[in-house]
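Commentary on secondary and tertiary structure
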Amino acid sequence: MAVFSAPMSAPTPLRIAIVGTGPSGFYAAESLLKQRPGVEIDLFDRLPTPFGLVRGGVAPDHQKIKSVIRVYEKIAATPTVRFFGNVRIGTDLTRDDLLRLYHAVIYAYGAQSDRALGVPGENLPGSYAATDFVGWYNGHPDYRDCQFDLSQDQVAVIGMGNVAVDVVRILARTPEELHKTDIAGHALEALAESRVRDIYMIGRRGPIQGAFTNPELKELGEMEGADIEVPAGELELDPASAALLAAGGDKVAERNLETLRTFAAKAPTGKPRTIHLRFLRSPVELSGSGRVEQLVLGKNRLVVGRSGEVKAEATGETETLPVGLVFRSVGYLGTGIAGVPFDTKRGVIPNDHGRVLAEAGTVAPGEYAVGWIKRGPSGVIGTNKPDAVETVNLLLADAESGALNQPAEPAREAVMRTLAGRGVRVVSWRDWQRLDELERQGGAALGRPRLKLCRVEEMLAALDD
Ligand code: NAP
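The rules behind each value
- Residues numbered from 1 in each chain as written.
- Predicted model: local features only at pLDDT ≥ 70, side-chain atom pairs only at ≥ 80, totals over all residues.
- Heavy atoms only, no water.
- Salt bridge = Lys/Arg side-chain N within 4 Å of Asp/Glu carboxyl O.
- Helix = DSSP H or I, 4+ residues; strand = E, 2+ residues; numbered from the N terminus.
- Buried < 20%, exposed > 50% of the residue type's maximum accessible area, 1.4 Å probe, protein only.
- Core = buried A, V, L, I, M, F, W, Y, C linked by side-chain atoms within 4.5 Å.
- Contact = heavy atoms within 4.5 Å.
- Near = heavy atom within 4 Å.
- Polar contact = N/O pair within 3.5 Å; in protein donor to acceptor, adjacent residues only side chain to side chain.
- Nonpolar A, V, L, I, M, F, W, Y, C, P; charged D, E, K, R; others polar.
- Phe/Tyr/Trp six-rings, centres within 6.5 Å; stacked < 30°, edge-to-face > 60°.
- Expected span 1.5 Å × (residues − 1).
- Pairing = 2+ DSSP bridges.
- Axes fitted to C-alpha atoms, helices over the stretch in contact; angles between N-to-C directions.
- pLDDT = per-residue confidence, 0-100.

Some points on the pattern of salt bridges
Two side chains carrying opposite charge are able to pair once their charged atoms lie near each other. One pass over the structure, following the stated rule, counts 44 salt bridges. Glu-30 is paired through a salt bridge with Lys-385; the nearest N and O atoms lie 3.6 Å apart. In this pair, Glu-30 is assigned in helix α1 (residues 23-35) and Lys-385 in helix α13 (residues 384-400), connecting sequence segments 355 residues apart. Note that Glu-317 is salt-bridged to Lys-299, the shortest N-O span being 3.5 Å. Highlighted residues: Glu-317 in strand β14 (residues 310-321) and Lys-299 in strand β13 (residues 294-304), separated in sequence by 18 residues. The exposure class assigned to Lys-299 is partly exposed, which follows from its relative accessible area of 24%. Residues joined by salt bridges that share partners form a network here, namely Arg-15, Glu-40, Asp-42, Arg-82, Arg-412 and Glu-413.

Right, dumping it as structure tokens:
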């Protein structure tokens, strides 16, 4: 492949495409702009709306976290930055198109699928990926038509990460609490009718191996409409965990155990819902006649693996939980884009610190990855900042050494021509600002922060009005 050979004397400015407009995409743009003022950046999103998981993932009752959007808005307002919403990379524009138009492409499109449990019955009606529920309550168009049977009174959430905590909290919130948030209108209505009473959150390992962070765990004990229940016996530590804690290396685990102990000491106060935490249990089967009626859990013990990790091992003992609704919250999974190297097992684009690697392990000139599609689905929003800086530093080093891609058609307007020729209705930043304003007005009329538009057609119709 031809390379970008004379960066300093190049006739066109450095032109970069960023695929995905969540935190990692915006932090990559920010780092490029800081280090190379004048760099031209086109941000692509398959949705008409920007911000990735900040809009479609962060729980609606965590509005403060969403204020990070102000930083992204400033980046988008830079004159050399453009937003191309409603453009799907892989179909509307292919990877070859991007390499024809840009000196470099940064893949920042996150992880859009979910990990499977691999147990019988996990796809029965009544069992759902937590990621579907999250997309649904956040008004993501892909999940607008999902249906969850909230007439069930017993629900299980499998997994002990922050996504599981979000799902448990949203199920436990009162309609009044949810009304104050930007939760999607359809979800607000459905949750207001919810008959969910008992929510079981189930972890395969012990109390100090929970993947949640401490503020998130604490919130479960401060719910207006739900008590928390943790049997004290669940918090007895096995020797390996006790030794780990005694060594003092894991402050989060220490705080979590302390919080869990305060939960165990709490007496029920008669709130309408109860959140139950259960450890050392793995789902082995979901069963029922035509839909989920039971969740069979295998009890585990903890053992120390070869590399010192504490693992769950089945004891052979099982118990059955009579639940009518199950949310599987065991991690997101990245998906591939046609023509772009992809590691299906790990769900990431193979890369060396952000430089995309082709099949033979050689660097693919001009292709980079940031965020969850680079490192897998872990970390909080801020984790994406140093991650993006690492990739951008390599990109700029490659620009200096003449190792970028040499596009055949680097003109700024070429991408517009291509998209117009294919009949793609591009949503610009200005268009997004109009949608944003409409959503805020819709919310204000109801005393809510925002009323989200949840269908792409609805958004495009509002713009063409
Ligand atoms: P996560 O933190 O990786 O947690 C996944 C959970 O699923 C773990 O408890 C894991 O247990 C469990 N698990 C995995 N495979 C399993 C299996 N086969 N059977 C039973 N349990 C299984 O993932 P996440 O909750 O999806 O969150 C993704 C990232 O987003 C995390 O970094 C999270 O902190 C972040 N996030 C942050 C916030 C926030 O800051 N408020 C909110 C949402 C998400 P093991 O530990 O035993 O593997």
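Structure's up, so let's keep going.
Some thoughts on the nonpolar core
Most often, soluble globular proteins have nonpolar side chains that are buried together. Ranked by internal contacts, the top residues of the largest apolar core, which has 52 residues, are Phe-133, Leu-277 and Phe-327. With seven residues, the top contributor of residues to this core is helix α6 (residues 162-172). Excluding anything up to four places from it in sequence, Phe-327 contacts Tyr-128, Ala-130, Phe-133, Phe-148, Val-155, Ala-156, Val-157, Ile-158, Val-167 and Leu-171. Core analysis: the second largest hydrophobic core is formed by 43 residues, Leu-33, Val-54, Ile-106 and Leu-396 among them.

What about the site of the ligand?
Near the ligand, the surroundings consist of 20 residues, among which Met-160, Asn-162, Arg-204, Arg-205 and Gly-379 are the closest. Within the side chain of Asn-162, one N or O atom sits 3.0 Å away from an oxygen atom of the ligand. Residue Glu-216 places a side-chain N or O atom 3.0 Å away from a nitrogen atom belonging to the ligand. By residue number, the principal contributor to the shell around the ligand is α6, which donates three residues. Partitioned by chemical class, the residues of the shell around the ligand number nine nonpolar, seven polar and four charged.

Some details on the packing of aromatic side chains
On inspection of all chains with the given rule, the structure shows 19 aromatic pairs. For the pair Tyr-27 and Tyr-72, a centre-to-centre distance of 5.4 Å together with 80 degrees between the ring planes defines the contact as edge-to-face. Here the residue Tyr-27 occupies a position in helix α1, and Tyr-72 occupies one in helix α3 (residues 69-76), the gap between them amounting to 45 residues. For the pair formed by Tyr-27 and Tyr-72, the shared burial category is buried. Measuring from centroid to centroid gives 4.5 Å for Phe-133 and Phe-327, while their planes differ by 35 degrees, and the two rings are tilted. Within this pair, whereas Phe-133 is found in helix α5 (residues 130-137), its partner Phe-327 is found in strand β15 (residues 325-328), the two being separated by 194 residues in sequence. Exposure remark for Phe-327: the relative accessible area of 0% places this residue in the buried category. An aromatic cluster of at least three residues, connected via ring pairs, comprises Phe-26, Tyr-27, Phe-51, Tyr-72, Phe-83, Trp-429 and Trp-432.

Examining α13
The end-to-end C-alpha distance of α13 is 24 Å, a good match for the 24 Å that 17 residues give at a rise of 1.5 Å each. Residue Gly-402 follows α13 closely and has a positive phi angle near 75 degrees.

Notes on the environment of Pro-125
Take Pro-125: it is sitting in the loop between β6 (113-114) and β7 (127-129). Considered as a pair, Pro-125 and Asn-86 are 39 residues apart in the sequence and their alpha carbons are 31 Å apart. Leave out the neighbours within four places in its chain, and Pro-125 touches Gly-290, Arg-291 and Val-292.

With respect to the sheet that holds strand β4 (residues 81-84)
If you trace the seven strands from one edge of the open sheet to the other, you get β4-β3-β2-β5-β19-β18-β17, paired in mixed fashion. Edge strands, defined here as strands with exactly one partner in the open sheet, are β4 and β17 (351-352). Running over the sheet, α13 touches β2 (15-19), β5 (104-107), β17, β18 (355-357) and β19 (363-369) and is turned about 150 degrees from β19. Running at roughly 10 degrees to β4, helix α14 (residues 414-421) makes contact with β3 (40-44) and β4 of the sheet.

Considerations on the sheet that holds β13
The antiparallel open sheet is built from three strands, whose spatial order is β12-β13-β14. Where the open sheet ends on each side, the last strands, each with one partner, are β12 (281-287) and β14. In this sheet, adjacent strand axes meet at a mean angle of 25 degrees when their direction is disregarded. Here six bridges tie β12 to β13, and the two strands are oriented antiparallel to one another. Bridge assignment links Ser-287 to a residue of β13, and that residue is Gln-294.

Comments concerning unusual backbone geometry
Despite not being glycine, Phe-51 shows a phi value in the positive range, around 90 degrees. Note that Phe-51 resides in the loop between β3 and α2 (52-56). On the accessibility criterion, Phe-51 (2% relative accessible area) is buried. Backbone geometry at Leu-280 places phi at a positive 55 degrees, although glycine is not the residue there. Structurally, the position occupied by Leu-280 is in the loop between β11 (273-278) and β12.

Examining the pairing of β15
Alternating residues of β15 divide into Leu-325 and Phe-327 and Val-326 and Arg-328, and every residue in both groups is buried. Two strands pair when backbone bridges link them, and strand β8 (residues 154-158) and β15 are joined in this way by four bridges, in the parallel orientation. Paired with Ile-158 across the bridge in β15 is Arg-328.

Comments concerning the confidence of the model for the protein chain
Taken as a whole, the protein chain shows an average pLDDT of 95; of its residues, 97% reach a score of 70 or greater. Counting interchain partners and residues more than four positions distant, the pLDDT-below-50 stretch residues 1-10 has 27 contacts.

Points about the side chain of Glu-367
With respect to the element layout, Glu-367 can be found in strand β19. For Glu-367, a relative accessible area of 1% gives the class buried. Here Arg-95 takes part through its side chain, which lies 2.8 Å from a polar atom of the side chain of Glu-367. Beyond its immediate sequence surroundings of up to four residues, Glu-367 is in contact with Arg-95, Leu-99, Val-105, Tyr-107, Val-340, Gly-354, Arg-355 and Val-356.

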